[in-house]
Amino acid sequence: MQKHLMAALIALTIAPATQAADLTTEKTPLTISSVTSGLKHPWGMAFLPDGKILVTERNGGMLIVDAEGNKSAPLAGLPDIEARGQGGLLDVVLSPDFATDNTVYFSFSEPGADGNSTAVASAKLGADKLTDVKVIFSQQPKYKSNHHFGSRLVFDKNGELFITTGDRGSQRDQAQKLDNHIGKVIRINTDGTPAQDNPYIKDSKAKPEVWSYGHRNIQGAALHPQTGALWTHEHGPQGGDEINIAQPTKNYGWPLITYGEEYGGGVIGKTEQDGLEQPLHYWVPSIAPSGLIFYTADLFSEWKNNMLVGSLKFGQLVRLELDGDKVSHEERIMIGHRIRDVEQGPDGAVYLLTDSSDGQLLRLTPAK
């Protein structure tokens, strides 16, 4: 079994508003401050060219936060969103050509006659509303479920959009079948058409948008800064959260293999099987990972090229050092709040969204 390396946990509770606190970590002392609070279960964020931050709230609100922490009113123009359970308004990213097209892409739980599913829309961003809203992807089939929407969005270096999906909680066996979008990594063009070099583009028995499969519920995804490969993490059941590199045609095993177990106990499949990908790293017990970045700025020079992962279950920021494609060291930094998203700001600071009805946008900087 994989070794789990961690530093001593450092307890910290962050006060609301603009109060700050210092903490010591293995590599560098930090100052952590609250940029703003009062967010309703914030889920995703994207930095705008003017330094403001576009933030999504799971209840269906999208708003803009400025550097002083002032929040705009929710933007108008969003499509119908089924905000229930784990579903709602989820991730958001800017177009690679945002400077010229002013377009954003966002994921959400889309209602339909047969239930709901993960969907992605594009829209023009205005000062107080979205316009020209177009749904460019709708996960098929839909199910009546409040669970496992996946939903991280990442543009690759060619401008195609990766979308992560979940197994919807009750449909885990569908993650092994290629004729649906359940438990998959999806790759599309910005108009919603399948990317032309997708692995199943000519397979009549598979969905042409599919990139990889056998996933449970991916809520963290980022491109490796050197290789450009898509690294992901996904929730295991009771134990077995995983880090993987999502490669075309690869089967990541859920639910045939896992290092987790049924809730309340009970075996699920095996831990390994020929033809199924082993995780690069896994957690037992689960940390409930959400949000993932490779840190590439100079502000935290000691963290350069480390992976940063949020933990919902333990309220931690998890720092992972890499040796090639292997995790060589793990440090857990106790934030004291459920971490839903992790992003690197244009100033090099690390920004965190906390998942609660009074959610915060936190900023991590080196202590002075």
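Look above for the structure.
Residues numbered from 1 in each chain as written. Predicted model: local features only at pLDDT ≥ 70, side-chain atom pairs only at ≥ 80, totals over all residues. Heavy atoms only, no water.

**Overview of the pairing of strand 2 (residues 29-39)**
- Most of strand 2 is tucked away, with 9 of its 11 residues classed as buried.
- Bridging between strand 1 (residues 20-24) and strand 2 involves 5 bridges; their strand directions are antiparallel. Along strand 2, the bridge assignment pairs Ala21 with Ile32.
- Following strand 1, the chain reverses through 4 residues before pairing antiparallel with strand 2.
- With 7 bridges joining them, strand 2 and strand 24 (residues 359-366) adopt antiparallel strand pairing. When the sheet's bridge partners are listed, Thr31 is paired in strand 24 with Thr365. (Buried < 20%, exposed > 50% of the residue type's maximum accessible area, 1.4 Å probe, protein only. Helix = DSSP H or I, 4+ residues; strand = E, 2+ residues; numbered from the N terminus. Pairing = 2+ DSSP bridges.)

**A word on the sheet that holds strand 16 (residues 241-245)**
- One open sheet accounts for 4 strands, arranged 14-15-16-17; its pairing is antiparallel. Strands with a single pairing partner mark the edges of an open sheet, and in this sheet they are strand 14 (218-223) and strand 17 (281-283). Between one strand and the next, the sheet's axes are offset by a mean angle of 15°, whatever the strand orientation.
- The pairing of strand 16 with strand 17 spans 3 bridges and is antiparallel. If you follow Ile243 over to strand 17, its bridge partner there is His281. (Axes fitted to C-alpha atoms, helices over the stretch in contact; angles between N-to-C directions.)

**Focus on the sheet that holds strand 8 (residues 115-125)**
- Spatially, 4 strands are ordered 6-7-8-9 in an open sheet, and the strand pairing comes out antiparallel. Unpaired on one side and paired on the other, strand 6 (89-94) and strand 9 (130-138) mark the two borders of the sheet. Going from strand to strand, the sheet's axes swing by 30° on average, the running direction of each strand aside.
- As defined by bridge partners, strand 8 adjoins strand 9 across 6 bridges and the pair is classed as antiparallel. Bridge pairing in strand 9 links Val120 to Phe137.

**Looking at the pairing of strand 4 (residues 53-57)**
- Of all 5 residues that make up strand 4, 5 are buried, and the element is covered over most of its length.
- Of the two faces of strand 4, the one carrying Ile53, Val55 and Glu57 and the one carrying Leu54 and Thr56 are both buried.
- Strand direction decides the pairing type here: strand 3 (residues 42-47) and strand 4, joined by 5 bridges, are antiparallel. Across the sheet, Gly44 pairs through a bridge with Thr56, a residue of strand 4.
- Counted between consecutive antiparallel strands, the loop separating strand 3 from strand 4 contains 5 residues, among which Gly51 sits at a positive phi close to 95°.
- The pairing of strand 4 with strand 5 (residues 62-65) spans 4 bridges and is antiparallel. Following the sheet pairing, Leu54 is matched in strand 5 by Ile64.
- Between strand 4 and strand 5, which pair antiparallel in sequence order, lie 4 residues; one of them, Gly60, sits at a positive phi of approximately 115°.

**Structural notes on the environment of Val35**
- Locating Val35 in the fold gives a position in strand 2.
- Overall, Val35 belongs to the buried group, its relative accessible area being 15%.
- Put simply, Val35 and Arg363 are 328 residues apart on the chain and 6.5 Å apart in space, counted from C-alpha to C-alpha.

Function cannot be read off these values alone, since they describe shape.
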